[in-house]
Amino acid sequence: MACADLLSCPECGRDLGPREHTLRCPRGHSFDIAKQGYISLLTGASTKMTGDTPAMLDARAAFQRAGHFTPIAAALAASVAAMPAPPRTAHARDSGMTRPGAAVTAASRARLAATLLPIRESGPITTAATPGTAAAVLEIGAGTGYYLAMALDAVPGARGLALDVSKPAVRRGARAHERAGAVLADAWRGLPVRTGAVTAVLSVFAPRNAEEVARVLNPGGRFFVVTPTPRHLTELIEPLDMVRVDAGKTERLADSLEDRFELLDRTPVEYRMSLTHTDIANVSAMGPSAFHAAEQRAERIAALPDPFEVTASVTVSVYRPRG
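Remember, predicted model here, so these are calculated numbers, not experimental data. (Residues numbered from 1 in each chain as written. Predicted model: local features only at pLDDT ≥ 70, side-chain atom pairs only at ≥ 80, totals over all residues. Heavy atoms only, no water.)

A. Geometry of the sheet that holds strand β1 (residues 17-19). Spatial ordering of the open sheet is given by β1-β2-β3, a layout of three strands whose pairing is antiparallel. The outermost strands of the open sheet, each flanked by one partner alone, are β1 and β3 (30-32). Neighbouring strand axes in the sheet, compared pairwise and without regard to direction, differ in orientation by 30 degrees on average. Bridging between β1 and strand β2 (residues 22-24) involves three bridges; their strand directions are antiparallel. Pairing of arginine 19 across the sheet is with threonine 22, part of β2. (Pairing = 2+ DSSP bridges. Helix = DSSP H or I, 4+ residues; strand = E, 2+ residues; numbered from the N terminus. Axes fitted to C-alpha atoms, helices over the stretch in contact; angles between N-to-C directions.)

Spelled out as structure tokens, the structure:
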């Protein structure tokens, strides 16, 4: 929906604005909106980051549709909805920023090109706002856009950006929610978002670029991070030879963010899931274990009870920028 006022050019850092089916900066750099509704802001040499494959995304979407991670998404969405209202000061329209990356929007090619300016009045987080004050939610490593969509549903009037380095992922992200756009970009090269333009940044089982997250958040913004605990999917680790979660993962996260962020809250989310063999095949094929011992996976799943009780266990951490 209305996202162009959040974005900047990956070549020069200037603001991007709509022109027909493109986004263009004042220096003439132009980026086409794909017919699938996303925009690519990857420039220069090919990224070294590898994104999700279509098969991984299909498995993840099926598992999410089954509702197994709904309590996690609901806890995250509730945290986003509870944060303070965005400030009433608009960010600079064309400040000649240092090069962050660039930005995007796109729920569909035609809709994106036609509705690129925010349209609501300012107010608390649960209402919309005028340009520069509307709640804006960025998800890094958005994948299917599932968590971003839940957050946007919890904050009426908020706009969203689904950012991912995987082209199949941003194609899905462009369809995730009517108030969300999708951008193909490598977060480690710099987020394609204007400085101070974002109210909330989400990172769910995804990499984090702390310096860039701190830059794009507005003064009252929050950084929401979901990390698995060692108990997450623990019943499947040995039978399927899946990747284990390091016991110190949550603490290492806090240490890595300490220079730029203050920890405000940690919420544990843990519950039991009753998974069919199809569910187990999906959850093992949708993440870091997708290519680990894959050849023996079907046989190993067949040896498990159907259904099988499995633990979901994560921590939802909330941070705010220092200073």
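And the narrative resumes.
B. Highlighting the state of the cysteines. For the structure on display, the rule yields zero disulfides. No disulfide involves cysteine 25; its sulfur sits 3.7 Å from that of cysteine 12, the nearest cysteine. With relative accessibility at 6%, the residue cysteine 25 sits in the buried group. (Disulfide = S-S within 2.5 Å. Buried < 20%, exposed > 50% of the residue type's maximum accessible area, 1.4 Å probe, protein only.)

C. Representation of the nonpolar core within the structure. Counting 52 residues, the largest nonpolar core has Phe69, Leu76, Leu236 and Met273 as the members making the most contacts within it. Of all the elements, strand β11 (residues 308-321) adds the most residues to this core, at six residues. With sequence-adjacent residues up to four places away left out, methionine 273 is seen in contact with Phe63, His68, Phe69, Leu233, Phe308, Glu309, Val310, Thr311 and Ala312. In this structure, Cys3, Leu6, Ile33 and Ile140 belong to the second largest nonpolar core, which totals 38 residues. (Core = buried A, V, L, I, M, F, W, Y, C linked by side-chain atoms within 4.5 Å. Contact = heavy atoms within 4.5 Å.)

D. Fine view of the packing of aromatic side chains. Here the structure, examined in full by the defined rule, presents five aromatic pairs. Here phenylalanine 261 and tyrosine 319 contribute two aromatic rings whose centre-to-centre distance is 6.5 Å and whose plane-to-plane angle is 75 degrees, an arrangement assigned as edge-to-face. Of this pair, phenylalanine 261 sits in strand β10 (residues 261-275) while tyrosine 319 sits in strand β11, and the two are 58 residues apart along the sequence. Given the relative accessible area of 1%, phenylalanine 261 is considered buried. Overall, the relative accessible area of 1% leaves tyrosine 319 in the buried class. One aromatic cluster in this structure is built from Phe63, Phe69 and Phe205. (Phe/Tyr/Trp six-rings, centres within 6.5 Å; stacked < 30°, edge-to-face > 60°.)

E. Representation of the sheet that holds strand β6 (residues 159-164). Read across the sheet, eight strands follow the order β4-β7-β6-β5-β8-β9-β11-β10 without closing on themselves; strand pairing throughout is mixed. Every other strand in the sheet has two partners, leaving β4 (39-40) and β10 as the edge strands with one partner each. In the sheet, β6 pairs with strand β7 (residues 180-184) via five bridges, with the strands oriented parallel. Within the sheet, the bridge partner assigned to leucine 161 lies in β7 and is glycine 181. Helix α2 (residues 70-81) contacts β8 (198-204), β9 (217-228), β10 and β11 of the sheet and is inclined by roughly 155 degrees relative to β10.

F. Just the side chain of serine 313, in detail. Tracing the sequence through the fold places serine 313 in strand β11. Polar side-chain contacts of serine 313 include one of 2.6 Å to the side chain of threonine 229. What serine 313 contacts, discounting residues up to four positions off in sequence, is Pro228, Thr229, Arg231, His232, Val269 and Glu270. (Polar contact = N/O pair within 3.5 Å; in protein donor to acceptor, adjacent residues only side chain to side chain.)

G. A look at the layout of surface pockets. In this structure, the largest pocket encloses a volume near 1,200 Å³. In terms of lining residues, the largest pocket is bounded by 46 residues, among which Val204, Phe205, Ala206, Gly287 and Pro288 are the most central. Looking at the lining of the largest pocket, the elements with two or more residues in it are α1 (54-65), β5 (136-140), α4 (146-154), β6, β9 and α9 (277-285). Estimates place the volume of the second largest pocket at around 160 Å³. In terms of lining residues, the second largest pocket is bounded by Ala61, Gln64, Arg65, Thr144, Gly145, Tyr146, Arg172, Arg175 and Ala176. With three residues, α1 is the single largest residue contributor to the lining of the second largest pocket. (1 Å grid on protein atoms, 1.4 Å probe; cavity = no way out; pocket = protein on both sides within 12 Å on 5 of 7 lines; lining within 4 Å. Points joined across faces, edges and corners; volume = space filled by probe spheres on them.)

H. Main features of the pairing of β5. Counting buried residues in β5 gives five out of five residues, a clear majority hidden from the surface. Judged by which residues are buried, β5 turns out to be covered on both faces: Ala136, Leu138 and Ile140 on one side and Val137 and Glu139 on the other are all buried. As judged from the five bridges shared by β5 and β6, these two strands associate in the parallel manner. Pairing of glutamate 139 across the sheet is with alanine 162, part of β6.

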